[in-house]
Amino acid sequence: MPKMKTNRGAAKRFKATGSGKIKRNKAYSSHILTKKTTKRKRNLRKPDLIAESDRRSVKRMLPYL
C-alpha cells in the first residue's frame, strides 16, 4: 500500500494541539484593517479550534496529523 498524500494547502493552515484537536488561524486579518477596531484585530491574532463538523474533512486532508 503506498503512502497517502497530505493536502499541502491544509498542512500549512492547520496544526494539532497536544490533546489531538485541530488548531487554525482566524480569517479577516490581512487587509482593510483601518475600519476594524483594535479589540477585534487583537482577537483575530489568537488561534482558534476548527468546528466539530469540519473535523472529519480536515482529518482526511491530513492523514498523518
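Residues numbered from 1 in each chain as written. Predicted model: local features only at pLDDT ≥ 70, side-chain atom pairs only at ≥ 80, totals over all residues. Heavy atoms only, no water.

Draft legend 1. Up close: a positive patch on the surface. Where like charges cluster on the molecular surface, the positive patch consists of R8, K12, R13, K15 and K23. With three residues, the single largest contributor to the positive patch is helix α1 (residues 8-13). The exposure class assigned to K12 is exposed, which follows from its relative accessible area of 67%. (Patch = residues over 30% accessible without salt bridge, like charges linked within 9 Å, V, L, I, M, F, W, Y side chains within 5 Å. Areas by Shrake-Rupley, 256 points an atom, 1.4 Å probe, with all protein chains shown as cover. Salt bridge = Lys/Arg side-chain N within 4 Å of Asp/Glu carboxyl O. Lys, Arg positive; Asp, Glu negative; His and termini not counted. Charge placed at Lys NZ, Arg CZ, Asp CG, Glu CD. Helix = DSSP H or I, 4+ residues; strand = E, 2+ residues; numbered from the N terminus. Buried < 20%, exposed > 50% of the residue type's maximum accessible area, 1.4 Å probe, protein only.)

Draft legend 2. Looking closely at the confidence of the model for the protein chain. For the protein chain, mean pLDDT is 95; residues scoring 70 or higher make up 100% of the total. When pLDDT is averaged over each helix and strand of the protein chain, the minimum, 95, is found for helix α3 (residues 55-61) and the maximum, 97, for strand β2 (residues 22-24). (pLDDT = per-residue confidence, 0-100.)

Draft legend 3. Summary view of the sheet that holds β2. Strand order in this open sheet of three strands is β1-β2-β3, and the pairing throughout is antiparallel. A single partner strand is all that each edge strand has here, and the edge strands are β1 (14-16) and β3 (48-49). Judged from the two bridges that link them, β2 and β3 form a sheet pairing that is antiparallel. By the bridge assignment, R24 is partnered in β3 with D48. (Pairing = 2+ DSSP bridges.)

Draft legend 4. Looking closely at the nonpolar core. Listed in full, the seven residues of the largest apolar core are A10, A11, F14, I22, I50, V58 and L62. Setting aside anything within four residues of it in sequence, one finds A10 in contact with M61 and L62. (Core = buried A, V, L, I, M, F, W, Y, C linked by side-chain atoms within 4.5 Å. Contact = heavy atoms within 4.5 Å.)

Draft legend 5. Quick look at the side chain of K36. Relative to the helices and strands, K36 is located in the loop between β2 and α2 (38-45). The side chain of K36 sits in the buried core without any salt bridge; D48 is the nearest counter-charge, 15 Å away. Once residues within four sequence positions are removed from consideration, K36 is found in contact with Y28, H31 and K41.

Draft legend 6. View of the pattern of salt bridges. Here the structure, examined in full by the defined rule, presents one salt bridge. Between R24 and D48 there is a salt bridge; the shortest N-O distance is 3.0 Å. One end of the pair, R24, is in strand β2; the other, D48, is in strand β3, and 24 residues separate them in sequence. When its relative accessible area of 28% is taken as the criterion, R24 is described as partly exposed. For D48, a relative accessible area of 32% translates into the label partly exposed.

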